[in-house]
Each structure stands twice: as structure tokens, then as C-alpha cells.
Amino acid sequence: MEDSKTRKSLALDVRTYNMLQKICSHQERSKIGQLKVLIEKEYEFIFGSGHSERVQAHLDKRRS
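Residues numbered from 1 in each chain as written. Predicted model: local features only at pLDDT ≥ 70, side-chain atom pairs only at ≥ 80, totals over all residues. Heavy atoms only, no water.

Visitor: I tried to follow the overall build of the protein on my own but got confused; where do I start?
Guide: Of the regular secondary structure elements, the protein holds three helices and zero strands. The order of α-helices and β-strands along the protein, N terminus first, is α-α-α. By residue count, 11% of the 64 residues in the protein fall in the buried class. Accessible surface for the protein amounts to roughly 6200 Å². Of this, 54% is attributable to carbon and sulfur atoms. (Helix = DSSP H or I, 4+ residues; strand = E, 2+ residues; numbered from the N terminus. Buried < 20%, exposed > 50% of the residue type's maximum accessible area, 1.4 Å probe, protein only. Areas by Shrake-Rupley, 256 points an atom, 1.4 Å probe, with all protein chains shown as cover.)

Next comes the structure, spelled out in C-alpha cells:
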């Protein structure tokens, strides 16, 4: 299991950073907190049981 306190750096272009900052301000979250929320939602969409058949077909195609 990974140590939850270990961090990796992540570089963003200025436009993306500014969009993230605006989202964070609106949601009243830190950047890392907001990224975790966005990544968890996307992960669940892609790998969870709730994604569509179209997404599943795309994932199956990429795996082969």
C-alpha cells in the first residue's frame, strides 16, 4: 500500500493552472483536494461499473 503522505510533482501549463485555481476558488478546496475529487470521479467513470457500453468498448479496444 502506498504512503498517502508521499507526493509527486505535477507540472501544468498556465492556462490549465488558472482554470484549476478558478475551480478551487469556486469549490473552496485546495488544488490537491480538487485534483483528488476530479481524478476519483474520472477513475470511477472509466473503471467503475457505471460507465457506458461505448466507454467499455473503447477500453477493451485499448487493452488489446
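Still more ground to cover, so stick around.
Visitor: Would you take a moment to explain the packing of aromatic side chains for this structure?
Guide: For any pair of aromatic rings, geometry is given as the distance between the ring centres together with the angle between the planes. All told, the structure shown has one aromatic pair when counted by the stated rule. Judged by centre distance (4.7 Å) and plane angle (45 degrees), the ring pair of Tyr-43 and Phe-47 falls under tilted. Taken together, the residues span about one helical turn, with Tyr-43 and Phe-47 both in helix H2 (residues 31–47) at a distance of four residues. A residue is classified by how much of its surface remains accessible, and Tyr-43, at 53% relative accessible area, is exposed. (Phe/Tyr/Trp six-rings, centres within 6.5 Å; stacked < 30°, edge-to-face > 60°.)

Visitor: Any chance you could explain unusual backbone geometry here in plain terms?
Guide: Leaving glycine out, the prevailing phi sign among residues is negative, and the prevailing peptide bond configuration is trans. For Glu-28, which is not glycine, the phi torsion reads 55 degrees and is therefore positive. As for its placement among the helices and strands, Glu-28 is situated in the loop between helix H1 (14–27) and H2. Given the relative accessible area of 73%, Glu-28 is considered exposed.

Visitor: So what exactly am I meant to see when it comes to the side chain of Gln-34 here?
Guide: One can find Gln-34 in helix H2. On the basis of relative accessibility, which here comes to 3%, the residue Gln-34 falls in the buried class. If near-sequence neighbours (up to four positions away) are discounted, Gln-34 is found in contact with Leu-20, Ile-23, Cys-24, Gln-27 and Arg-29. (Contact = heavy atoms within 4.5 Å.)

Visitor: Is there a simple way to explain the packing of H1 against H2 in this structure?
Guide: The relative placement of two packed helices is expressed as an angle between their axes plus a distance between the axes. Contact pair H1 / H2: the axes reach a minimum separation of 9 Å and the direction vectors enclose 95 degrees. Judged by the angle between their axes, H1 and H2 are roughly perpendicular. Side by side, H1 and H2 meet where Tyr-17, Leu-20, Gln-21, Ile-23, Cys-24 and Gln-27 of the first sit next to Lys-31, Gln-34 and Leu-35 of the second. (Axes fitted to C-alpha atoms, helices over the stretch in contact; angles between N-to-C directions. Parallel < 35°, antiparallel > 145°, perpendicular 65-115°, else oblique.)

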